[in-house]
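What the coordinates show
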Amino acid sequence: MINEIQKVAIIGAGSKTADTLIRVLTKELDMKFLLFSSQFSVEKAQSPKIVQYPISATDKKQLKAVLLHEQPSFIINCAAMTNVDGCEDNKQLAWSLNVTTVETLVQICKITGSHLIHFSTDYVFDGLNGPYSELDKPNPISYYGKSKLAGENVCLPSGIDVTVLRTNVVYSSNPNKGDFVHWVIKMLEKELPITVVSDQYSNPTITDDLAYAVLKVILKGYKGLYHIAGSKYCNRVDFAKKIAQIYMLDETNIHPITTAELHQKAKRPLKGGLQTLKAQSEFGIEFLSVESGLIMMRNQLFSLGYIKHK
Ligand SMILES: NC(=O)c1ccc[n+]([C@@H]2O[C@H](COP(=O)([O-])OP(=O)(O)OC[C@H]3O[C@@H](n4cnc5c(N)ncnc54)[C@H](OP(=O)(O)O)[C@@H]3O)[C@@H](O)[C@H]2O)c1
């Protein structure tokens, strides 16, 4: 019963996913929100529903102290090391965020009985034959993917109430959070040429779809593994061209390149992406196409005052 649910804790509240979660969940739910982030310099909440804790996701001691005291009904973990090449360079930090933090939260949930909602990625797959379903066998080819799979394996079989939401190529309306869409817009607005990979496939996902999936999990208590992703499966060049079209920018500045030509530190799954039938049928929601997501984002940028014309 919704009335019994009092508190939702969000770890990594400064992430781009949490930014939208906070906007959507504080509007939709009459609950108290405990936000944990290393980014709070001033402990001033924007809403009476919100309490801010300037605590990093890696601070096991502080996380335990506050969460054991607060006893939230739900703990949403948005913290992660998401820089894929950075994870190859700093494996210790990647493990600390993508695995050890999850272990800490599982230990806490075992005591508090909180339901853990955790995010993962299509990078747990090798990208040989995506898009993948929840039943496909993971085979990560990067340290980011390996550490995220280890994080899933820490929480899914732990015996706590847990939901893992895998997603891919996430974008949001907040230009300060940094993502592929904002990078393409910024470069094309300056009429600068960009090289974009033509052989990496995914289904780009707007953070609003993630937020409404989390809302369903909170309201209905879904547990287990779910794939949450946009409805359009495409390569990055097609995605970039769609961004140019929706924002009326010159797409001739988009130059295709292959992944092999890029020489990135970490290997990338090429045919990645996620099948979302399970979440769609059980949650009863349809995820947005690239076109609808980009139009929604443009409307949000307008209403938030980031752009002058829709
Ligand atoms: N972005 C994508 O395209 C994508 C794709 C697939 C899956 N995912 C998954 O979705 C989830 C959310 O991703 P996101 O893109 O929203 O995350 P994000 O914007 O990259 O933010 C991750 C957050 O993790 C915390 N963090 C990162 N490095 C840290 C460090 N060295 N010390 C302490 N805290 C640190 C920070 O939280 P605070 O700032 O609050 O301290 C940071 O804001 C992750 O589990 C990710 O693996 C993302």
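Refer to the structure above for everything that follows.
Conventions we followed
Residues numbered from 1 in each chain as written. Predicted model: local features only at pLDDT ≥ 70, side-chain atom pairs only at ≥ 80, totals over all residues. Helix = DSSP H or I, 4+ residues; strand = E, 2+ residues; numbered from the N terminus. Rg over C-alpha atoms; globule rule 2.2 N^0.38 Å. Buried ≥ 20, exposed ≤ 12 C-beta atoms within 10 Å, placed from the backbone. Contact = placed C-beta atoms within 7 Å. Axes fitted to C-alpha atoms, helices over the stretch in contact; angles between N-to-C directions. Parallel < 35°, antiparallel > 145°, perpendicular 65-115°, else oblique. Left-handed = near helix turned anticlockwise from the far one by under 90°. Nonpolar A, V, L, I, M, F, W, Y, C, P; charged D, E, K, R; others polar. Expected span 1.5 Å × (residues − 1).

Regarding the overall build of the chain
Counting its secondary structure elements, the chain contains eleven helices and 13 strands. The C-alpha atoms of the chain give a radius of gyration of 19 Å, which matches the 19 Å a tight globule of 310 residues would have. For the chain, the C-alpha atoms occupy an extent of roughly 55 × 45 × 40 Å along the three principal directions. Burial statistics for the chain: of 310 residues in total, 45% are counted as buried. Restricting the contact set of the chain to residue pairs at least 6 apart, pairs at least 24 apart contribute 77%.

Looking at the packing of helix α6 (residues 180-189) against helix α8 (residues 236-246)
It is at 10 Å that the axes of α6 and α8 come closest, and there the two elements cross at 60°. As judged from the angle between their axes, α6 and α8 are oblique. Once α6 is placed against α8, the crossing between them reads as right-handed. For the pair α6 and α8, contact is made by V181, V184, I185 and L188 and by A240, I243 and A244, respectively. When grouped by side-chain class, the residues that make up the contact of α6 with α8 number seven nonpolar, no polar and no charged.

Observations concerning helix α4 (residues 91-112)
Helix length check: α4 (22 residues) gives 30 Å between terminal C-alpha atoms against 32 Å at 1.5 Å per residue, within 8%. Residues of α4 that are buried include every one of A94, L97, N98, T101, V102, T104, L105, V106, I108 and C109, and no others. Along its buried surface, α4 packs onto β1 (7-11), α2 (60-70), β4 (74-77), α3 (84-89), β5 (115-121) and α5 (143-155). Within two residues after α4, G113 carries a phi angle of roughly 75°, on the positive side.

Any functional reading would require information that these geometric values do not contain.
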